[in-house]
Amino acid sequence: MEKIIGLIDAPFTPFYENGDVNTTPIKAYADMLVKNGLKGVFINGSSGEGYMLTTDERKLLAEKWVEAAPEGFKVIVHVGSCCLRESENLARHARQIGAWGIGAMAPPFPRIGRIEELVKYCETIAAAAPDLPFYYYHIPAFNGVYLPMLELLKSVDGRIPNFAGIKYTYESLYEYNQCRLYGEGKYDMLHGQDETILSSLAQGGARGGIGGTTNYNGRELTGIIEAWNRGDIDTAREKQDFSQAVINVICRFRGNIVGGKRIMKLIGFDLGPNRVPFQNMTDEEEQNMRRELEKIGFFERCNRF
C-alpha cells in the first residue's frame, strides 16, 4: 500500500453557536491546510470531537471534506465508535463517497483488554471497506488501551489485507521504531505527537504523521521535516522547540481540542465553540492565551490563509 509522506491534519469540527455542525468553512479550511504544507486530513477523530457527533453529522462532514479536497489531498475518515455496527456503517459510507482511507481508535467503552479483541474490532471495520487503507489509531491516553502495538502488527499480518498501519499517538519511540521495522517496514507508522516529530525522524525513521496542532502551527511542523531532510539540524531543533512552546501554551488552556480550537479564532478562522461536556474558554482566558502566544512570537509564524 501507499505510505503517507508528510503531515496529515486532524481538523476541528466547525460548529454554529447553537452547537449545530457548520460545513460552510470546510472548503476554505482545506485550502488553508494545503497552503501551509499539509497533505490531507484525518477527520472526525479526537480533535474533531468525533465521538460527540451523530452518525448523520459524521457522514455529512465526510462528504463535505471529500468534496472540498483538491487533487492529491488525502481524506481519511475516522469511523471508530462504541457501536461496532455504526463503525461498519461509517466505513461503508466513506468508501461510497470516495474517501482515501479509514481509521479507528479503540472504543473507550467497553474497554478492550486483549490483542485478539482489538484485532477482531479492526478486522470487522476494515472488512466493511476492503479496498480502502485502514489505520488503527493508537491513543491509549483517551481509551485506556495500553496494548503492545508490535503484537498487534504480528496478529493482523496476513489476516487483515487492507491494514495499512498505525497512527501512533504514544510516548514510546522504542515501540514506535520496532513497529516501523516489523516486516522490513511493511506497515505505515504515522507519528501522532507533534511535540516529538524530530525525535521520530531521528530515531524512528518516520516519513509521515498526523497532528492536531498542525491546524494553526502547520508551517513550523512541516518545516521540521523539511529542515531534517536537507540536513539542517539546527533549524529543525529550533522549530521543534518552538512547537513545544506552542503546546505548552495550549496545555494551560485545556489542550488542543479547546485551547487549540480557540487559536483558530485568534488567527482569523473562527470554527465556533466546543460541544458539551467540554468547557469552552471564556473571553478572559482567550485574551490571556493571546498574550502568552504573543510572547513566543506565534502570530508571526502561524498558518496563513
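What counts, and where the lines are drawn
Residues numbered from 1 in each chain as written. Predicted model: local features only at pLDDT ≥ 70, side-chain atom pairs only at ≥ 80, totals over all residues. Heavy atoms only, no water. 1 Å grid on protein atoms, 1.4 Å probe; cavity = no way out; pocket = protein on both sides within 12 Å on 5 of 7 lines; lining within 4 Å. Points joined across faces, edges and corners; volume = space filled by probe spheres on them. Helix = DSSP H or I, 4+ residues; strand = E, 2+ residues; numbered from the N terminus. Expected span 1.5 Å × (residues − 1). Buried < 20%, exposed > 50% of the residue type's maximum accessible area, 1.4 Å probe, protein only. Arc of directions from axis to C-beta. Contact = heavy atoms within 4.5 Å. Axes fitted to C-alpha atoms, helices over the stretch in contact; angles between N-to-C directions. Left-handed = near helix turned anticlockwise from the far one by under 90°. Nonpolar A, V, L, I, M, F, W, Y, C, P; charged D, E, K, R; others polar. Core = buried A, V, L, I, M, F, W, Y, C linked by side-chain atoms within 4.5 Å. Phe/Tyr/Trp six-rings, centres within 6.5 Å; stacked < 30°, edge-to-face > 60°. Lys NZ or Arg CZ within 6 Å of the ring centre and 35° of its normal. Parallel < 35°, antiparallel > 145°, perpendicular 65-115°, else oblique. Salt bridge = Lys/Arg side-chain N within 4 Å of Asp/Glu carboxyl O.

**Q** What is the right way to read empty space enclosed by the protein from this model?
**A** To locate leftover empty space, one rolls a probe as large as a water molecule over the atoms. Within the structure shown, the criterion is met by three cavities of 30 Å³ or more. Among the secondary structure elements, those contributing two or more residues to the lining of the largest cavity are helix H8 (197-204) and strand S8 (208-211). Considering each element in turn, the lining of the largest cavity owes the most residues, three residues, to H8.

**Q** In this structure, what is going on with helix H3 (residues 84-97)? I would like to understand it.
**A** Compared with an ideal rise of 1.5 Å per residue, which puts 14 residues at 20 Å, H3 spans 20 Å between its outermost C-alpha atoms and is within 8% of the ideal. For H3, the full list of buried residues reads Glu86, Ser87, Leu90, Ala91, His93 and Ala94. Along the axis of H3, the buried residues cluster in a sector spanning 165°; they form a single face. In H3, the exposed positions angled more than 90 degrees off the buried face are occupied by Arg85 and Gln96. Tucked into the core, H3 has its buried residues touching helix H2 (55-68), strand S3 (74-78), strand S4 (101-105) and helix H4 (115-127).

**Q** Looking at this model, I keep getting lost on the side chain of Ser200. Mind explaining?
**A** Positionally, Ser200 belongs in helix H8. Dropping the residues within four chain positions of it, Ser200 is found in contact with Leu173, Tyr176, His191, Gly205 and Ala206.

**Q** It is not clear to me how the packing of H3 against H4 should be interpreted in this structure. Could you clarify?
**A** Each pair of packed helices can be summarised by the angle the axes make with each other and by the distance between the axes. Contact geometry of H3 with H4 gives a least axis separation of 8 Å together with a crossing angle of 35°. Along this stretch, H3 crosses H4, giving a crossing that reads as right-handed. Two secondary-structure elements touch here, H3 through Leu84, Ser87, Glu88 and Ala91 and H4 through Tyr121, Thr124 and Ile125. The residue makeup of the contact of H3 with H4, split by class, is four nonpolar, two polar and one charged.

**Q** Help me understand the nonpolar core in this model?
**A** Counting 84 residues, the largest nonpolar core has Leu118, Tyr136, Leu152, Phe163 and Phe298 as the members making the most contacts within it. Take this core: its biggest share by element is seven residues, from H4. What Leu118 contacts, discounting residues up to four positions off in sequence, is Ala106, Ile112, Tyr136, Leu147, Met149 and Leu152.

**Q** What is the right way to read the packing of aromatic side chains from this model?
**A** A ring pair, where both rings are aromatic, is described by two values, the distance of the centres and the angle of the planes. Counted according to the given criterion, the structure contains 13 aromatic pairs. Taken together, a centroid distance of 5.3 Å and an interplanar angle of 55° make the contact between Tyr29 and Trp65 tilted. Of this pair, Tyr29 sits in helix H1 (residues 26-35) while Trp65 sits in helix H2, placing them 36 residues apart in sequence. Take Trp65: its relative accessible area is 2%, and that puts it in the buried class. Centroid distance Tyr182 to Tyr187: 6.2 Å. Interplanar angle 10°. Geometry classified as stacked. Owing to a relative accessible area of 5%, Tyr187 belongs among the buried residues under this scheme. Taken together through their ring pairs, the aromatic side chains of Tyr29, Trp65, Phe269 and Phe305 make up a single cluster. Note that Arg301 overlies the ring of Phe242, its terminal NZ or CZ placed 4.0 Å from the centroid.

**Q** Mind showing me how you'd approach the packing of H1 against H2 here?
**A** It is the contact of H1 with H2, at a shortest axis distance of 9 Å, that shows an interaxial angle of 50°. One element, H1, and the other, H2, form an angle in the oblique class. Once H1 is placed against H2, the crossing between them reads as right-handed. Counted together, Ile26, Lys27, Tyr29, Ala30 and Leu33 of H1 and Leu61, Lys64, Trp65 and Ala68 of H2 form the full contact between these two elements. Its residues assigned to classes, the contact of H1 with H2 comprises seven nonpolar, no polar and two charged.

**Q** Just checking my understanding: could you explain the pattern of salt bridges for this structure?
**A** Two side chains with opposite charge may pair up if their charged atoms get near one another. Applying the stated criterion across every chain, the model contains 21 salt bridges. Note that Glu151 is salt-bridged to Lys154, the shortest N-O span being 3.5 Å. One end of the pair, Glu151, and the other, Lys154, are both in helix H6 (residues 149-156), three residues apart, so they sit about a helical turn from each other. The partly exposed category is assigned to Glu151, whose relative accessible area is 35%. Assessed through its relative accessible area of 43%, Lys154 is described here as partly exposed.

**Q** I'm lost on unusual backbone geometry in this one. Help?
**A** Phi is mostly negative for residues that are not glycine, and the peptide bonds are mostly trans. Residue Pro110 follows Phe109 across a cis peptide bond; omega there is -10°. In this structure, Pro277 follows Val276 across a cis peptide bond, with omega equal to 20°. Inspection of the secondary structure assignment puts Pro277 in the loop between helix H11 (255-266) and helix H12 (283-295). At Arg254, a position not held by glycine, the phi torsion is positive, near 65°. Along the polypeptide, Arg254 turns up in the loop between helix H10 (233-251) and H11.

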